Amino acid sequence: MAMKWYVIHAYSGYENRVKLTLEERIRRYGLEDMFEEVVVPTEQVVDMVKGKRRTSQRKFFPGYVLVKMEMTEETWHLVKGTAKVTGFVGGGERVAATRSISEKEANSLLDRIAEGEMRPQPKVLFDEGENVRVLEGPFANFTGTVDEVNLEKGKVRVLVSIFGRPTPIEIEYGQLEKIS
């Protein structure tokens, strides 16, 4: 039987605890050869806190944990019996009814995790036409309107009013905040 990826539903906010507990249970029961990997899908995000750039982890599928395992009665019960796990996604009331996700879907999620580690995403996304305030730099406390968003560079072109005329400035995501 081959190892396949399965999605486990866990209590929201307890994904990392479920991962650690499941890994500990796998070791305790000596089933390391039946499990290959346990992953919490996260990506890095960048935001500004008190004028300082801060990188943190954000779960892009809160409440879910990915497990690459060989499905047997024993492994199914081990996962299902883990604290804060509500069950498998896609059926899962019995071993035979539990469906795995395809390798393509799993690779897509794993690629997104790897990409998020290499290139952190901004915590707050801006849309064209939104009103924003500049937090730092030579244009600090200026307000303006988002003209263009460049996700690859992590920059936003904002039209600010200087001497009564709209003037475009290019500024980083972390140096802006939305105005309600």
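The structure displayed is predicted, hence computed values, not measured ones. (Residues numbered from 1 in each chain as written. Predicted model: local features only at pLDDT ≥ 70, side-chain atom pairs only at ≥ 80, totals over all residues. Heavy atoms only, no water.)

Undergrad: How would you summarise the sheet that holds strand 12 (residues 176-178) if you had to cite specific residues and measurements?
TA: Ordered in space as 11-10-9-8-12, the 5 strands form an open sheet in which the pairing is antiparallel. Each edge of the sheet is formed by a strand with only one pairing partner; in this case those strands are strand 11 (165-172) and strand 12. In this sheet, neighbouring strand axes are inclined to one another by 45 degrees on average, regardless of whether the strands run parallel or antiparallel. For strand 10 (residues 155-162) and strand 11, the ladder comprises 8 bridges, and the chain directions are antiparallel. Bridging from a neighbouring strand, R157 pairs with E170 of strand 11. (Pairing = 2+ DSSP bridges. Helix = DSSP H or I, 4+ residues; strand = E, 2+ residues; numbered from the N terminus. Axes fitted to C-alpha atoms, helices over the stretch in contact; angles between N-to-C directions.)

Undergrad: Quick rundown of the sheet that holds strand 5 (residues 64-69)? Include the residues and the values.
TA: Ordered in space as 2-5-1-6, the 4 strands form an open sheet in which the pairing is antiparallel. Edge positions in the open sheet fall to strand 2 (35-39) and strand 6 (85-88), since each of these has one partner strand only. Each neighbouring strand pair of the sheet contributes to a mean axis angle of 25 degrees, computed without reference to strand direction. Bridge count between strand 1 (residues 4-10) and strand 6: 3 bridges; the pairing is antiparallel. Bridge pairing in strand 6 places A10 opposite V85. Set on the sheet, helix 1 (residues 15-28) makes contact with strand 1, strand 2, strand 5 and strand 6; between it and strand 2 the angle comes to about 165 degrees. (Contact = heavy atoms within 4.5 Å.)

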